[in-house]
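Observations on the three-dimensional arrangement
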Protein chains: 2
Amino acid sequence: MGVLFLFDVSVFAEERLVKDVVLAVHGGTAYARADVTPEFEKLLRQGLEHALRKGYEALQKEGATSLDGVEAAVRELEDDPAFNAGRGAVFTREGTIELDASIMDGKDKRAGAVASVTTIRNPVTAARTVMERSRHVLFVGAGAEKFAADQKLDVVDSEYFQTPRQRDALKRYLERELQSGDRPAGLEKQGEKTESKKSGSTGSSPHGTVGAVARDRAGNLAAATSTGGMNGKRSGRVGDSPVIGAGTYAENASCAVSATGHGEFFIRWTVAHDIAARIKYAGQSLSQAANDVIHGDMEKAGGRGAVIGLNSRGEFTAAWSTKEGLYRGYVTRDGQISVMLYEE
Amino acid sequence: MGVLFLFDVSVFAEERLVKDVVLAVHGGTAYARADVTPEFEKLLRQGLEHALRKGYEALQKEGATSLDGVEAAVRELEDDPAFNAGRGAVFTREGTIELDASIMDGKDKRAGAVASVTTIRNPVTAARTVMERSRHVLFVGAGAEKFAADQKLDVVDSEYFQTPRQRDALKRYLERELQSGDRPAGLEKQGEKTESKKSGSTGSSPHGTVGAVARDRAGNLAAATSTGGMNGKRSGRVGDSPVIGAGTYAENASCAVSATGHGEFFIRWTVAHDIAARIKYAGQSLSQAANDVIHGDMEKAGGRGAVIGLNSRGEFTAAWSTKEGLYRGYVTRDGQISVMLYEE
């Protein structure tokens, strides 16, 4: 498939469609291969497989919904230190950990999200709790944490999230920033070319997000996304992951989408909802819509990243504009698990 | 026009289109008429007129852009205690003031937003500063305030925002909540009928947002929105106003939109971007798209509110599903100002 891509994007896009999928996950856009050891690749592959298995098990239970599937899968990825969400999240430039997550139910478009939270062990569960037990959709910061504590969700010390790998990544980021040294830190402008290089998924700057899309036996869709954000982000910065319509969207009539990538661009291009809108209003297929959004104006402006999408017929697609591809996998109705790293 | 509405929505929608508009503002969905004194109506009318004049003046300056127009207009509405944004904002149930705002440039889809800020005098200016002087789009809470302070924006004590009118509104809200008393406070679920009644724009619960859309001489669009949120919201709750694609969207190829209403629904329906998507992908007119989104599935689910929209040809529209209408106004190229309260 990678070879076809060189000659014909539209053929490639259609090839990418997989059928009979009940759950799919992503673990963020891929790091430069040179930066990833075989041991770490194994951890990534195991982590994705494990999340798919847990999500699939959740979907098999009596009365289970697509929400149960995406929540279970994303929780596993949050708990897995190999991924930039929950434990293993990147650091802000101030050295804190600030997490964002969201979830959406394709049946009735209920949604929940939390942003900039520092003590909630599983932000995706907090997002679901906001959706199901509050009249709000989005809670941020201390208010989100108070809500989570009131709801008896698991709360941990911020150290729980911290890993030596991400601490090193922040150190390298700050060193690179010092070297570039031509302007005050954090004041690069939107859309500047330096910016996509600096924070892109290629190179040694970890930059990912985890997410899942699922379809239950009743044909209802759900999507969920969770992240530590962008390595070296300023404290208080929120990307696309908790933004319904940008990083996450689900609607039975169109598709469920979870995104990862340069969040600022994904917010400005309303990526997840734009894919759904092209399906609904322009009659595009899921894979065509996903590829057009990922490879359209946003890519020209320097915005790189990826999406996974699933529709109510069980058709799954992934699209990415990052050099190395996307860590991802899916499970079909019969329980068959497939995991892919890079452009496979 | 109000009479036509009773007979034919589609005709009415087209009637609502106004041409040659360079700037339009809204001051939130209208309160129940019985709750508004003639004196307060006068303040609302004056405030909208004043904002339109200031925005128009900003647009007349040499080299001015649509961003200058929307920022100037929204700043005036933020400074005006008659509106629920900046000074005069509603209180959270905890008695704090937490402000949200966003801005978007239709030329290149740059965007900026702040959420849950408590000391920034003009959140819309903070949003523009995030857009122009950071590489991020959205900052929340303390991080947003630190950024604003670093950028030397006007910072005020939270008391500056507080008005007796809104303090009374919170008191009434909490009393009503106590009376209803059938469940723990703040735990109403999404989509429950009680909810839209409790926090709807009709009745004495203030619930609004301010916003502006503009078109400059080069034909570029911009949109901005600012709010104190929903009266009696829980601390940390963020609505649609700072969410690009929900409360605010601008793109020269389609339209500029600023929304107001029940923010949770506007996030779930990605209202502002959905209007743009219908124009781009379904070939709808601006007014048709705005009316279809406001009067579609969202309204059936109980989500009420309003939008103003402007396209690059200078066509303006407003659509609302609230009982009493929308406080709004516009100014045409020749400087003619029109202000409307309720269903006029």
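None of these values were measured; they are calculated from a predicted model.

Bringing the sheet that holds strand β8 (residues 248-251) of chain B into the picture now. Residues and elements named next belong to chain B. Across the sheet, which stays open at both edges, the four strands sit in the order β8-β9-β10-β11 with antiparallel pairing between neighbours. The open sheet terminates on both sides in strands that have one partner only, identified here as β8 and β11 (316-320). Neighbour to neighbour, the strand axes of the sheet diverge by 10° on average, direction disregarded. Pairing between β8 and strand β9 (residues 255-261): four bridges, direction antiparallel. Across the sheet, residue Y249 finds its bridge partner in β9, namely V257. Contacting β8, β9 and β10 (305-310), helix α10 (residues 271-282) runs over the sheet at an angle of about 30° to β8. Docked against the sheet, helix α11 (residues 286-294) engages β9, β10 and β11, running at close to 15° with respect to β11.

A separate point is the sheet that holds strand β2 (residues 99-105) of chain A. Strands sit in the order β13(A)-β12(A)-β1(A)-β5(A)-β6(A)-β2(A)-β3(A)-β4(A)-β7(B) across an open sheet of nine strands; the sheet is mixed. Two strands bound the open sheet, and with one partner strand each, they are β13 (337-340) of chain A together with β7 (237-238) of chain B. Relative to strand β1 (residues 21-29) of chain A, helix α3 (residues 38-60) of chain A is tilted by about 150°, and along the sheet it contacts β1, β5 (210-215), β12 (326-332) and β13 of chain A. Against the sheet, helix α6 (residues 141-150) of chain A makes contact with β3 (111-117) and β4 (138-140) of chain A, and its axis sits at roughly 110° relative to β4 of chain A, the strand it touches most.

Another point: the confidence of the model for chain A. Residue and element names in this part refer to chain A. For chain A, per-residue confidence averages 89 on the pLDDT scale, and 87% of positions sit at 70 or higher. Note on residues 1-15: pLDDT is under 50 here. Beyond four places in sequence and across chains, it has 15 contacts. Low pLDDT (under 50) marks residues 191-206, which in the prediction has 46 contacts with non-local residues, meaning those over four places away or in another chain.

Here we come to the environment of D150 of chain B. By the element assignment, D150 of chain B lies in helix α6 (residues 141-150). There is a polar contact of 3.1 Å between the side chain of D150 of chain B and the side chain of R234 of chain A.

Taken together, the contact pairs 53 residues of chain A with 53 residues of chain B. Buried surface at the junction of chain A and chain B, summed over both partners, amounts to about 4600 Å²; 54% is from carbon and sulfur atoms. With a shortest N-O distance of 3.1 Å, D150 of chain A and R234 of chain B are connected by a salt bridge. Run the count over chain A and chain B and you get 21 residue pairs in polar contact (both at pLDDT 80 or more). Considering every element that reaches the side of chain A that touches chain B, the biggest residue donor is helix α10 (residues 271-282) of chain A, with six residues.

Our focus in this paragraph is the relation of the copies chain A and chain B. Superposition of chain A onto chain B requires a rotation of 180° combined with a translation of 0.0 Å along the rotation axis, giving an RMSD of 0.0 Å. Classification of the inter-copy transformation places it as that of a two-fold axis. Minimal C-alpha distance to the rotation axis in chain A is attained by Y281 of chain A, lying at 2.7 Å. Comparing interface residues between copies, 100% of those in chain A also sit at the interface in chain B, which points to an isologous, same-surface contact.

On to the packing of aromatic side chains. As enumerated under the stated definition, the model contains 12 aromatic pairs over all chains in all. Relative to Y327 of chain A, the ring of Y31 of chain A has its centre 6.0 Å away and its plane inclined at 65°; by these criteria the two rings are edge-to-face. Highlighted residues: Y31 of chain A in the loop between β1 and α3 and Y327 of chain A in strand β12, separated in sequence by 296 residues. Overall, Y31 of chain A belongs to the buried group, its relative accessible area being 11%. Exposure remark for Y327 of chain A: the relative accessible area of 1% places this residue in the buried category. For the pair Y160 of chain B and F161 of chain B, a centre-to-centre distance of 5.2 Å together with 75° between the ring planes defines the contact as edge-to-face. Residue classification places Y160 of chain B among the partly exposed residues on the basis of a relative accessible area of 22%. One aromatic cluster is present, formed by Y31, F40 and Y327 of chain A through successive ring pairs. The ring of F265 of chain B is capped by R268 of chain B, whose NZ or CZ atom sits 5.0 Å from the centre of that ring.

Membership of the largest hydrophobic core comes to 88 residues, with the highest contact counts inside it found for I275, V307 and F316 of chain A together with I275, V307 and F316 of chain B. Once residues within four sequence positions are removed from consideration, I275 of chain A is found in contact with C255, V257, L286, A289, A290, V293 and V307 of chain A.

Let us now look at the pattern of salt bridges. All names here are of chain A. Summed over the entire model, instances satisfying the criterion amount to 36 salt bridges over all chains. One salt bridge connects E264 with R237, and the closest N-O pair in it is separated by 2.8 Å. Here R237 lies in strand β7 (residues 237-238) and E264 lies in helix α9 (residues 263-268), a separation of 27 residues in the sequence. Owing to a relative accessible area of 1%, E264 belongs among the buried residues under this scheme. We classify R237 as buried; its relative accessible area is 3%. Connected through salt bridges with shared partners, the residues D68, E71, R128 and E132 form a single ionic network.

About the thresholds
- Residues numbered from 1 in each chain as written.
- Chains lettered and ligands numbered in written order.
- Predicted model: local features only at pLDDT ≥ 70, side-chain atom pairs only at ≥ 80, totals over all residues.
- Heavy atoms only, no water.
- Pairing = 2+ DSSP bridges.
- Helix = DSSP H or I, 4+ residues; strand = E, 2+ residues; numbered from the N terminus.
- Axes fitted to C-alpha atoms, helices over the stretch in contact; angles between N-to-C directions.
- Contact = heavy atoms within 4.5 Å.
- pLDDT = per-residue confidence, 0-100.
- Polar contact = N/O pair within 3.5 Å; in protein donor to acceptor, adjacent residues only side chain to side chain.
- Buried area = accessible area lost by both parts, 1.4 Å probe.
- Salt bridge = Lys/Arg side-chain N within 4 Å of Asp/Glu carboxyl O.
- Least-squares fit on C-alpha atoms with pLDDT ≥ 70 in both.
- Phe/Tyr/Trp six-rings, centres within 6.5 Å; stacked < 30°, edge-to-face > 60°.
- Buried < 20%, exposed > 50% of the residue type's maximum accessible area, 1.4 Å probe, protein only.
- Lys NZ or Arg CZ within 6 Å of the ring centre and 35° of its normal.
- Core = buried A, V, L, I, M, F, W, Y, C linked by side-chain atoms within 4.5 Å.

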